[in-house]
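Descriptive structure summary
Residue-level listing of the chains:
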Amino acid sequence: MLLFSAERAYAQDYLYYAFFGLAIVFLFYVILQNTSVFGVQSYIEVTQQYIVQKFGVFRTKHLIQIPDIAAVHITPLALRLTLQDGSQVYLDLKQVRKKRDLDKIKNKIRDLAELHNYELTDTMGNRI
């Protein structure tokens with residue numbers, strides 16, 4: 001209101017403009033975080049060489065090289081990856097929205113197990 005009022009007794013009007021600009025930038029940031037303005041912001045991608053997990057528009061991608069995987073355990077809502085160095089990585093499958101996409105990810109992991117010879121188990125504990 002101070003920015004657009006007729007009476008401005010202050011010589012520091014530039015502060016009002018700076019604050020207004022920062023408020024617009026913050027509003028844009030909130031909209032980007034809470035809506036899918038530019039498409040899906042959180043995803044899991046499986047390719048022939050790596051698995052990528054990203055949690056949001058301003059968050060970094062987490063890459064897992066397929067040759068570094070020693071074992072994968074598939075559950076209905078997560079993938080537990082055991083790497084060659086013994087560390088474990090959990091991929092939350094709840095961020096995959098469509099059942100068809102979830103099935104594609106699981107099938108791709110199963111197909112890559114044959115190619116790269118890593119151990120694969122499902123929720124029943126059966127080796128595939």
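Summary of the structure given here. (Residues numbered from 1 in each chain as written. Predicted model: local features only at pLDDT ≥ 70, side-chain atom pairs only at ≥ 80, totals over all residues. Heavy atoms only, no water.)

1. Some thoughts on the environment of Val 46
Inspection of the secondary structure puts Val 46 in strand E1 (residues 43-46). With 66 residues separating them in the primary sequence, Val 46 and Leu 112 have C-alpha atoms 9.5 Å apart. With sequence-adjacent residues up to four places away left out, Val 46 is seen in contact with Ile 51, Ile 105, Lys 108, Ile 109 and Leu 112. (Helix = DSSP H or I, 4+ residues; strand = E, 2+ residues; numbered from the N terminus. Contact = heavy atoms within 4.5 Å.)

2. A closer look at the pattern of salt bridges
Between side chains of opposite charge, a pair can form as their charged atoms come close. Summed over the entire model, instances satisfying the criterion amount to one salt bridge. Measuring nitrogen to oxygen at the nearest pair gives 3.5 Å for the salt bridge that ties Lys 99 to Asp 103. Of the two residues, Lys 99 and Asp 103 both sit in helix H2 (residues 99-116), four residues apart, roughly one turn of that helix. Exposure remark for Lys 99: the relative accessible area of 60% places this residue in the exposed category. Classification of Asp 103 by relative accessible area gives partly exposed; the value is 31%. (Salt bridge = Lys/Arg side-chain N within 4 Å of Asp/Glu carboxyl O. Buried < 20%, exposed > 50% of the residue type's maximum accessible area, 1.4 Å probe, protein only.)

3. Let's talk about the sheet that holds strand E3 (residues 61-65)
Pairing is antiparallel in the open sheet, where three strands are placed in the order E1-E2-E3. Each edge of the open sheet is held by one strand with a lone partner, namely E1 and E3. Strand-to-strand twist across the sheet, computed as the mean angle between neighbouring axes with direction ignored, equals 10 degrees. This element, H2, spans E1 and strand E2 (50-54) of the sheet and lies at about 30 degrees to E1. (Pairing = 2+ DSSP bridges. Axes fitted to C-alpha atoms, helices over the stretch in contact; angles between N-to-C directions.)

4. A few points about the pairing of strand E6 (residues 88-92)
Inspection of the sheet shows strand E5 (residues 78-83) paired to E6 by five bridges, in the antiparallel sense. The partner of Ala 78 across the bridge, within E6, is Asp 92. If you look at the hairpin formed by E5 and E6, you'll find four residues sitting between the two strands, and Gly 86 has a positive phi there, around 95 degrees.

5. Structural notes on the sheet that holds E5
By way of backbone hydrogen bonds, the strands of a sheet pair with one another, either parallel or antiparallel. Strand order in the open sheet formed by four strands is E6-E5-E4-E7, with mixed pairing between adjacent strands. For this open sheet the edge positions go to E6 and strand E7 (119-121), each flanked by a neighbour on one side alone. Taking each pair of neighbouring strands and ignoring which way they run, the sheet shows an average axis angle of 15 degrees. Of the strand pairs in this sheet, strand E4 (residues 69-74) and E5 are connected by five bridges, and their pairing is antiparallel. Considered in E5, the bridge of Ala 71 is made with Thr 82.

6. Focus: the environment of Val 89
Counting through the fold element by element, Val 89 comes out in strand E6. By relative accessible area, which is 23% here, Val 89 ends up partly exposed. For the pair Val 89 and Leu 79, spaced 10 residues apart in the sequence, the C-alpha separation amounts to 8.1 Å. In this view, Val 89 contacts Ile 64, Leu 79, Arg 80, Leu 81 and Leu 83; residues no more than four positions away in its chain are not counted.

Worth remembering: the numbers are spatial, not functional.
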